[in-house]
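Listed below, chain by chain, are the residues.
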There are 2 protein chains.
Amino acid sequence: MSFEYEFPRAALTVDCVIFGIDEGDLKLMLIQRNLEPFKGEWALAGGFVRLDETTEEAALRELEEETGLKKVFLEQLYTFSALNRDPRERVVSVAYYALVRMSDHQVFASTDADDAAWFEVDAHPKLAFDHQNIVDMALDRLKNTLRYRPIGFELLPKKFTLSELQHLYEVILETKLDKRNFRRRVLKTGLVVETGDVQKDVAHRAAQLFSFDKKRYEKLKRDGFNFEV
Amino acid sequence: MSFEYEFPRAALTVDCVIFGIDEGDLKLMLIQRNLEPFKGEWALAGGFVRLDETTEEAALRELEEETGLKKVFLEQLYTFSALNRDPRERVVSVAYYALVRMSDHQVFASTDADDAAWFEVDAHPKLAFDHQNIVDMALDRLKNTLRYRPIGFELLPKKFTLSELQHLYEVILETKLDKRNFRRRVLKTGLVVETGDVQKDVAHRAAQLFSFDKKRYEKLKRDGFNFEV
DNA sequence: TTGACTTTGTGTCAATATGACACTTATCAT
DNA sequence: ATGATAAGTGTCATATTGACACAAAGTCAA
């Protein structure tokens, strides 16, 4: 029995909101479009989903094609289906977001985009399509997720100081935190452990370097713990 | 300039995980399919998204067509895009979940389904497609959301006793809660207010009836409060 | 009407968690 | 040596949590 003729079919895209941290500022990766519509304007990395790949595979592929980013940790954000979100025709888009350590990733424009670059989250160019909506939702999600799950480590180098971690929380949550209370809470979780190393080449007392104990995290998560910070 | 010819297009569906509470048990609304594939088997309500409606509109429409449920509280859950999730062809599905007051809603099978009925969440028939995956994710989401947002009220009648509310939390979170501590916490939020009415026709001391203060909730939400219970 | 039954409704206390708060230490640059 | 900069550290008062048990209210049946 065949049904093909009766299904409505929609063009399906993915869009990727990529966050990074640099010198304490939250950054957003954008690409400059080299095709119509919105040619020359800045937008989220993304593109059409092929019929032989999942949306997640499509997001990873487009990300690599347009920015050179590989193997990033992506989470699905939301599916946007407003009728007029693409001027060409009805296009439904599955949005993903990711946190990357800027230090680990070289970013470059490739053939699919005129340019790819990091921007300040609160000072970036006007975005094509409904991409500002998508970024807004990703920011909300990022804040909420950071509050309840230890994801900040994805944005920092493998070894980091507690001040860097605190700064990250302050930037994302848009609050000022007390240093002593922050350290107390973070260390109490047991998820952040001293590496024994210290900072190098700083013009002041060198800070201890810590790392995230992923094994312990997996174990606690299985046991159903909570991780508010 | 026209691009239509170059877009891959996928069949797009919605699926709805509908939760209800009845006599303290968490229930799931399922429909019995009257079309191939999986004809005669139980599945989530859902169907194809038309090109002139958003996915949310499609979910509400299918829900009404298949079960008679109207104006339910729907939230987007996740988009499922595994290549083999539909035996006919590549179909991507946007899943929603909903909470309904069983007391407010008559459920009936309509022309689009052979039957529609409530089942115990942990004792329901085997589901068609990948719908068990979707239900599992919806249950996880329900638990997490209930912990941080006051959504339990969507499942109860407008006026409810604190024992009913506590029972709902116990059933969904699969824990036993202390009555006095639960009442203290719930009342402290100020979101649950006495109506002045009491239970009728019960063979024991009648409980006070409370209701959810939606206005206060909207206000507190704007002010950025948290609502853990 | 009395007693049995069922569920409601309530307070305390100890332990823990939180939030506010300031100074000394280490390191580098001059 | 001195100054500049950021690291690192403890206390205390208050708020929150979790554990815990019994009297009051209402219905029903004998």
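Novice: Describe the packing of helix α3 (residues 162–173) of chain B against helix α4 (residues 179–189) of chain B, and please don't skip the residues or the numbers.
Specialist: Helix packing geometry: the angle between the two helix axes and the distance between the axes. Residues and elements named next belong to chain B. Remark: α3 packs on α4, axes separated minimally by 11 Å, with the N-to-C direction vectors making an angle of 100°. What the angle tells us is that α3 and α4 run roughly perpendicular. Between α3 and α4, the contacting residues are Leu162, Ser163, Leu165, Gln166 and Tyr169 on the first element and Lys179, Phe182, Arg183, Val186 and Leu187 on the second.

Novice: Describe the relation of the copies chain A and chain B, naming the residues involved and giving the relevant values.
Specialist: Here chain A sits on chain B after a turn of 180° about the axis and a move of 0.1 Å along it, with an RMSD of 0.2 Å. Read as a symmetry element, the transformation amounts to a two-fold axis. A symmetric contact is evident, with 100% of the interface residues of chain A recurring at the interface of chain B.

Novice: Would you mind going over the protein's contact with DNA strand C in detail, with residue names and values included?
Specialist: Taken together, the neighbourhood of DNA strand C is formed by 19 residues, with Arg184 and Val202 of chain A together with Lys179, Arg183 and Gln208 of chain B sitting nearest. Protein-adjacent atoms of DNA strand C, using a 4 Å cutoff, are sugar or phosphate at a proportion of 38%. At 3.0 Å from a phosphate oxygen of DNA strand C is found a side-chain nitrogen or oxygen belonging to Ser163 of chain B. Contacts to DNA strand C include Gln208 of chain B, whose backbone N or O atom sits 2.8 Å from a phosphate oxygen. At the level of secondary structure, the elements contributing two or more residues to the surface near DNA strand C comprise α4 (179–189) of chain A together with α4 of chain B. Among the residues forming the surface near DNA strand C, the class breakdown is four nonpolar, five polar and 10 charged.

Novice: Tell me what's going on with α4 of chain A, and back it up with residues and numbers.
Specialist: Sitting at the amino-terminal end of α4 of chain A is Asp178 of chain A, which places a side-chain oxygen 3.1 Å from the backbone nitrogen of Arg180 of chain A. At the exit of α4 of chain A stands Gly190 of chain A, carrying a positive phi of roughly 75°.

Novice: How would you sum up the protein's contact with DNA strand D? Please name residues and give values.
Specialist: Near DNA strand D there are 20 residues, and of these Lys179, Arg183 and Gln208 of chain A together with Arg184 and Val202 of chain B occur at the shortest range. Contact distances for DNA strand D include 3.5 Å between a base oxygen and a side-chain N or O atom of Arg180 of chain A. Contacts to DNA strand D include Asp178 of chain B, whose side-chain N or O atom sits 3.4 Å from a base nitrogen. At the level of elements, α4 of chain A together with α4 of chain B are the ones that each hand at least two residues to the surface near DNA strand D. Residue composition of the surface near DNA strand D, by class: five nonpolar, five polar and 10 charged.

What counts, and at which threshold
Residues numbered from 1 in each chain as written. Chains lettered and ligands numbered in written order. Predicted model: local features only at pLDDT ≥ 70, side-chain atom pairs only at ≥ 80, totals over all residues. Heavy atoms only, no water. Axes fitted to C-alpha atoms, helices over the stretch in contact; angles between N-to-C directions. Helix = DSSP H or I, 4+ residues; strand = E, 2+ residues; numbered from the N terminus. Parallel < 35°, antiparallel > 145°, perpendicular 65-115°, else oblique. Contact = heavy atoms within 4.5 Å. Least-squares fit on C-alpha atoms with pLDDT ≥ 70 in both. Near = heavy atom within 4 Å. Polar contact = N/O pair within 3.5 Å; in protein donor to acceptor, adjacent residues only side chain to side chain. Nonpolar A, V, L, I, M, F, W, Y, C, P; charged D, E, K, R; others polar.

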